[in-house]
Amino acid sequence: MAARRTSAKAVSELVDSLGDRLGRELSTQSVLFHQAIAERLGLKGTDHKYLDVIRRAAEAGPVTPGDLVQLTGLTSGGVTGVLDRLETAGFVRRVKHPSDRRQLVVEPVVERYAEIGALFAPFRERWAVLCGRYSLAELQLICGFFEQAIALMAEEIARMQGPAGPQGPAGPGAAPASAAPRAASDASDVKRTKARPRRAP
């Protein structure tokens, strides 16, 4: 019985460490890393992440500014600001919709992909070395954990952006909404997230 209590306590401490200390530190370092990348590209902090959303969405078909409002949760004015900065920096272009000339389509400038990739190359090399320290089974476990963590965060984003806010019907204790969008990194589903609630980044 004592061994079980000790084991439960150890698990609880590890869970707290993952969610509080390690999770927070990883999140902070990720923000700072992407801020450094953005500065090298002449962009603001999160602009190149929105560029990634645009790139992945464009793989599934034409992307309009209205689509980006739904995909990002930004206001229409916020999306316009992001697109203005990305277009000025030469990473996207706004052109006429191929089938509806009344609409504009946002196209990523593919020629700039190599420039962005080059900035991430050193990190990718070191990431490969880090992953090489783990077995196939361990990597599969880690991937499964990250997939579930991404899904959990996507549900929390949808909850926080819900019409009633975090204390409304989708607040604490409520079951996750079935319409909660999956992570935007899933390009095959990115065009089906139109039902995502808008928020007032």
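This text follows the structure it describes.
Source: prediction; values computed, not measured. Residue indices follow the written sequence of each chain, beginning from 1 at its first position. Local features in this predicted model are restricted to residues of pLDDT 70 or higher, and side-chain atom pairs are both shown and tallied only at a pLDDT of 80 or more, whereas totals for entire chains, interfaces and linings draw on every residue. Hydrogens and water are ignored here; the side-chain numbers use all heavy atoms of the structure.

Draft legend 1. Structural context of the packing of aromatic side chains. Centre distance within 6.5 Å is the pairing criterion for rings of Phe, Tyr and Trp, where only the six-membered ring of Trp is used; planes under 30 degrees apart are then read as stacked, over 60 as edge-to-face, and the remainder as tilted. Within the structure shown, the criterion is met by 4 aromatic pairs. Relative to F123, the ring of F33 has its centre 5.2 Å away and its plane inclined at 40°; by these criteria the two rings are tilted. Note that F33 is positioned in helix 1 (residues 2-41) and F123 in helix 5 (residues 113-131), a separation of 90 residues in sequence. Residue exposure (1.4 Å probe, protein chains only): buried if accessible area is under 20% of the type maximum, exposed if over 50%, otherwise partly exposed. For F123, a relative accessible area of 40% puts it in the partly exposed group. Put simply, the rings of F33, F120, F123 and W127 touch in pairs and so form one group of aromatic residues. The ring of Y113 carries the charged tip of R55 above its face, separated from the ring centre by 5.8 Å. Taking NZ or CZ as reference, R112 lies 4.0 Å from the ring centre of F91, over its face. Labels follow the DSSP assignment, with helices taken as runs of H or I lasting at least four residues and strands as runs of E lasting at least two, numbered in each case from the N terminus. For a Lys NZ or an Arg CZ to count as sitting over a ring, it must be within 6 Å of the ring centre and within 35 degrees of the ring normal.

Draft legend 2. Local environment of the environment of H48. Relative to the elements of secondary structure, H48 occurs in helix 2 (residues 47-58). On the basis of relative accessibility, which here comes to 6%, the residue H48 falls in the buried class. Spatially, the C-alpha atoms of H48 and V82 are 9.3 Å apart, while their sequence positions differ by 34 residues. Apart from residues lying up to four places away in sequence, H48 is in contact with H34, I37, A38, L41, L43 and F120. Pairing of N or O atoms within 3.5 Å defines a polar contact, subject to two protein rules: one partner must be a possible hydrogen donor and the other a possible acceptor, and residues neighboring in sequence count only if both atoms are side-chain atoms. Among the polar contacts made by the side chain of H48, one reaches the side chain of H34 at a distance of 3.0 Å. In this analysis, two residues are considered to be in contact whenever any of their non-hydrogen atoms come within 4.5 Å of each other.

Draft legend 3. Expanded view of the nonpolar core. I54, L68, L86 and F91 are the most contacted members of the largest nonpolar core, which has 23 residues in total. The leading source of residues in this core is helix 2, at 5 residues. Setting aside chain neighbours within four positions, we find I54 in contact with V63, L68, L83, L86, V92, V106 and P108. For this analysis, a nonpolar core means a set of buried residues of the types Ala, Val, Leu, Ile, Met, Phe, Trp, Tyr and Cys, connected via side-chain atoms within 4.5 Å.

Draft legend 4. The arrangement of the packing of helix 3 (residues 65-72) against helix 4 (residues 76-88) in detail. Two elements in contact, helix 3 and helix 4, have axes whose closest approach is 9 Å; the angle formed by their N-to-C orientations is 110°. As judged from the angle between their axes, helix 3 and helix 4 are roughly perpendicular. Residues P65, L68, V69 and T72 of helix 3 lie in contact with helix 4, whose contacting residues are S76, V79 and L83. In this count, Pro and Cys sit with the nonpolar residues alongside Ala, Val, Leu, Ile, Met, Phe, Trp and Tyr, while Asp, Glu, Lys and Arg are called charged and the others, Gly among them, polar. Classifying every residue of the contact of helix 3 with helix 4 by side-chain character gives 5 nonpolar, 2 polar and no charged. Where helices are involved, their axes are fitted lines through C-alpha atoms of the stretch in contact, as for all axes, and angles between N-to-C directions lie from 0 to 180°. Small angles under 35 degrees read as roughly parallel and large ones over 145 as roughly antiparallel, with 65 to 115 read as roughly perpendicular and the rest as oblique.

Draft legend 5. Inspection of the side chain of H97 at higher detail. Tracing the chain through its elements places H97 in the loop between strand 1 (92-96) and strand 2 (104-108). By relative accessible area, which is 12% here, H97 ends up buried. At 3.0 Å, the side chain of H97 forms a polar contact with the backbone nitrogen of S99. Apart from the residues lying within four places of it in its own chain, the contact partners of H97 are P62, T64, Q103, L104 and V105.

Draft legend 6. Representation of the state of the cysteines in the model. Two cysteine sulfurs form what is called a disulfide whenever their separation falls within 2.5 Å. Applying the stated criterion across every chain yields a total of 0 disulfides. Unpaired in terms of disulfides, C131 finds its nearest cysteine sulfur in C143, a separation of 7.6 Å. When its relative accessible area of 44% is taken as the criterion, C143 is described as partly exposed.

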